[in-house]
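Topology and contacts: notes
Okay, here's what each chain looks like letter by letter:
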2 protein chains.
Amino acid sequence: MVTQGRPLRADAERSVRAILEAAEKVLAANPAASLEQVAEAAGVARTTVHRRFANRQALVDTLVTTVMDQLDAVIDAANPDTAPPLVALHQVTASVLRLKLGWPFAMTESFAPDSRWSERQHHTATRCVTLLARAQTTGHIAPDADLDWTCKVYYALIGEAAHNTTEPDPDLLATKVITTLLHGAGPRS
Amino acid sequence: MVTQGRPLRADAERSVRAILEAAEKVLAANPAASLEQVAEAAGVARTTVHRRFANRQALVDTLVTTVMDQLDAVIDAANPDTAPPLVALHQVTASVLRLKLGWPFAMTESFAPDSRWSERQHHTATRCVTLLARAQTTGHIAPDADLDWTCKVYYALIGEAAHNTTEPDPDLLATKVITTLLHGAGPRS
DNA sequence: GCTAACTGCAACAGTGGTGTCGCAGATGTT
DNA sequence: AACATCTGCGACACCACTGTTGCAGTTAGC
């Protein structure tokens, strides 16, 4: 019934964590899954889910907000405004891939179009474009490149890379993503 | 109640078409929309929808099958096995984009993972890889390129290009997709 | 150890979508 | 013109999910 009140007792905190992790797993497999399935996966009664989260929406919001906070932190950690562009790009990519592998549902939801997150989405996209612009100044991206398009392509490549089941190493995946982003599939000169 | 029986009367045929087109529109905007919303958009009573399509699934199946047939036809028309690879690739891309702009829901559904269409999906992916392999022999794609990955990237680029609202010309979009696929965002040598 | 908080369980009401039916009237086919 | 088909409408049963409540029993914190 309540999403956030005063500090929770230890067992309630444990329930919240279990529910969030179960929700991530269950909703990743089936975004339309019922809260009962989430409760079952969390090893918790359905009523407990409703006690901790007023709505399905409140649950998803928490999931998304959590992962978006992590995303911000992870981007900050790569120093996208000061580090060499390609280094920052690689680090961001690897970190984001790690995040996406661990929180596929929340990450997908975070980037869903027409959602309640458009402001933060836009903010993140702006940071992405800024980083790409820096890579442009160093000559790694063509001066006439359409950075909005490049950013979308970048997102899409990350999404595809995260689906890759054969190669689970985020660093290698990041290399593949960036190589593809910069040079495509054509022969390198 | 019945999906396909004997030949339909002219007005029934009209209803079927109206329902399919309305379903495409409504479900593109909201994949979880109710059949009532579809009926309303089609200018038809809800019961009529159920008379023409036993299930929601039957309705979606028809939509997907129709668009997949068109997809096959459109690929055939580009002569992917005989035409110069890049020409075929461009033509396929433009045609697929046209299809995706007109049937966004059905196309998205057609390529959804873990769906009932995996065989046809796989067949299409195989044709895609075959075409890419031909582009490899002509030197447009690197000899050591991962064609499965390239195919996925190609799909993703088409998906992103179809979201592009500023440039509605499929031919220009196709050029952008292929340029990006082959050369990425980096400076061309 | 006392108290407040938390949990599972069972029960309940409410909601929205689905699928079916019959009927009266309209529409097409011949 | 006659007939079969199709339609809208209203009604119905059904189902799954949601959200709430009360209660008895457990657990955490002071």
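This report concerns the structure included in the present document. (Residues numbered from 1 in each chain as written. Chains lettered and ligands numbered in written order. Predicted model: local features only at pLDDT ≥ 70, side-chain atom pairs only at ≥ 80, totals over all residues. Heavy atoms only, no water.)

Section: the packing of helix H7 (residues 118-137) of chain B against helix H8 (residues 147-163) of chain B
Residue and element names in this part refer to chain B. Interhelical geometry of H7 versus H8 gives an angle of 110° and a closest axis separation of 9 Å. The orientation of H7 with respect to H8, classified from their angle, is roughly perpendicular. Seen along the crossing, H7 lies across H8 with a hand that is right-handed. In contact with Thr124, Ala125, Cys128, Val129, Leu132, Ala133 and Gln136 of H7, H8 contributes Leu147, Asp148, Thr150, Cys151, Tyr154 and Tyr155. Each residue belonging to the contact of H7 with H8 can be placed in one class, and the counts come to nine nonpolar, three polar and one charged. (Axes fitted to C-alpha atoms, helices over the stretch in contact; angles between N-to-C directions. Helix = DSSP H or I, 4+ residues; strand = E, 2+ residues; numbered from the N terminus. Parallel < 35°, antiparallel > 145°, perpendicular 65-115°, else oblique. Left-handed = near helix turned anticlockwise from the far one by under 90°. Contact = heavy atoms within 4.5 Å. Nonpolar A, V, L, I, M, F, W, Y, C, P; charged D, E, K, R; others polar.)

Considerations on the protein's contact with DNA strand C
Contacts to DNA strand C come from 25 residues, most closely from A:Arg9, A:Ser15, A:Thr48, A:Arg51 and B:Arg9. Among atoms of DNA strand C positioned within 4 Å of the protein, sugar and phosphate together represent 56%. In this structure, a phosphate oxygen belonging to DNA strand C sits 3.1 Å away from a side-chain N or O atom of A:Arg52. In the model, a base oxygen of DNA strand C is placed 2.9 Å from a nitrogen or oxygen of the B:Arg46 side chain. Those elements that provide at least two residues to the surface near DNA strand C are helix H1 (10-29) and helix H3 (46-52) of chain A together with helix H1 (10-29) and helix H3 (46-52) of chain B. Counting residues per element, the surface near DNA strand C draws most heavily on H3(A), at five residues. Considering only residue class, the surface near DNA strand C consists of seven nonpolar, eight polar and 10 charged. (Near = heavy atom within 4 Å. Polar contact = N/O pair within 3.5 Å; in protein donor to acceptor, adjacent residues only side chain to side chain.)

Thoughts on the interface of chain A and chain B
Listed per partner, the contact involves 25 residues of chain A and 26 residues of chain B. Summed over both partners, the interface of chain A with chain B buries about 2,100 Å², with 64% contributed by carbon and sulfur atoms. The largest per-residue losses of area from chain A upon contact with chain B belong to A:Trp149, A:Glu160 and A:Ala185, which jointly make up 31% of the total buried on that side. A:Lys176 is the partner of B:Asp146 in a salt bridge, and the nearest nitrogen-oxygen pair spans 2.8 Å. On inspection of chain A and its partner chain B, the count reaches 12 residue pairs in polar contact (both at pLDDT 80 or more). Contributions of two or more residues to the side of chain A that touches chain B are made by helix H8 (147-163) and helix H9 (170-183) of chain A. Counting residues per element, the side of chain A that touches chain B draws most heavily on H8(A), which supplies eight residues. For the side of chain A that touches chain B, the per-class residue count stands at 13 nonpolar, eight polar and four charged. (Buried area = accessible area lost by both parts, 1.4 Å probe. Salt bridge = Lys/Arg side-chain N within 4 Å of Asp/Glu carboxyl O.)

Here's the deal with unusual backbone geometry
One non-glycine residue, A:Asp114, adopts positive backbone phi at about 60°. Mapping A:Asp114 onto the fold places it in the loop between helix H6 (104-110) and helix H7 (118-137). You will see that B:Asn79, though not glycine, has its phi angle at about 50°, which is positive. Along the polypeptide, B:Asn79 turns up in the loop between helix H4 (56-77) and helix H5 (85-102). On the basis of relative accessible area, B:Asn79 is assigned to the partly exposed category, the value being 42%. (Buried < 20%, exposed > 50% of the residue type's maximum accessible area, 1.4 Å probe, protein only.)

Considering helix H4 (residues 56-77) of chain A
Here H4(A) spans 32 Å end to end across 22 residues, near enough to the 32 Å set by a 1.5 Å rise per residue. Following H4(A) by one or two positions, A:Asn79 has its phi on the positive side, about 50°. (Expected span 1.5 Å × (residues − 1).)

A closer look at the side chain of A:Glu160
Examined against the element boundaries, A:Glu160 turns out to sit in helix H8. B:Lys152 provides the closest opposite charge to the buried, unpaired A:Glu160, separated from it by 5.1 Å. Non-local contacts of A:Glu160, meaning those with residues more than four positions away in its chain, are made with B:Trp149, B:Lys152 and B:Ala156. (Lys, Arg positive; Asp, Glu negative; His and termini not counted.)

Focus on the packing of aromatic side chains
Residues and elements named next belong to chain B. By the definition in use, this model includes two aromatic pairs over all chains. Between Phe111 and Tyr155, the ring centres sit 5.2 Å apart and the planes meet at 75°, which makes this aromatic pair edge-to-face. Note that Phe111 is positioned in the loop between helix H6 (104-110) and H7 and Tyr155 in helix H8, a separation of 44 residues in sequence. (Phe/Tyr/Trp six-rings, centres within 6.5 Å; stacked < 30°, edge-to-face > 60°.)

As for the environment of A:Ala28
Residue and element names in this part refer to chain A. Residue placement: Ala28 occurs in helix H1. Using a relative accessible area of 36% as the deciding quantity, one classes Ala28 as partly exposed. It is 16 Å that separates the C-alpha atoms of Ala28 and Arg98, two residues lying 70 residues apart in sequence.

Brief notes about the pattern of salt bridges
Oppositely charged side chains can form a pair if their charged atoms are brought close together. All names here are of chain A. Applying the stated criterion to the full structure yields 14 salt bridges over all chains. Between Arg127 and Asp76 there is a salt bridge; the shortest N-O distance is 2.7 Å. One end of the pair, Arg127, is in helix H7; the other, Asp76, is in helix H4, and 51 residues separate them in sequence. Overall, the relative accessible area of 42% leaves Asp76 in the partly exposed class. One salt-bridge network, in which partners are shared between bridges, spans Asp69, Asp72 and Arg120.

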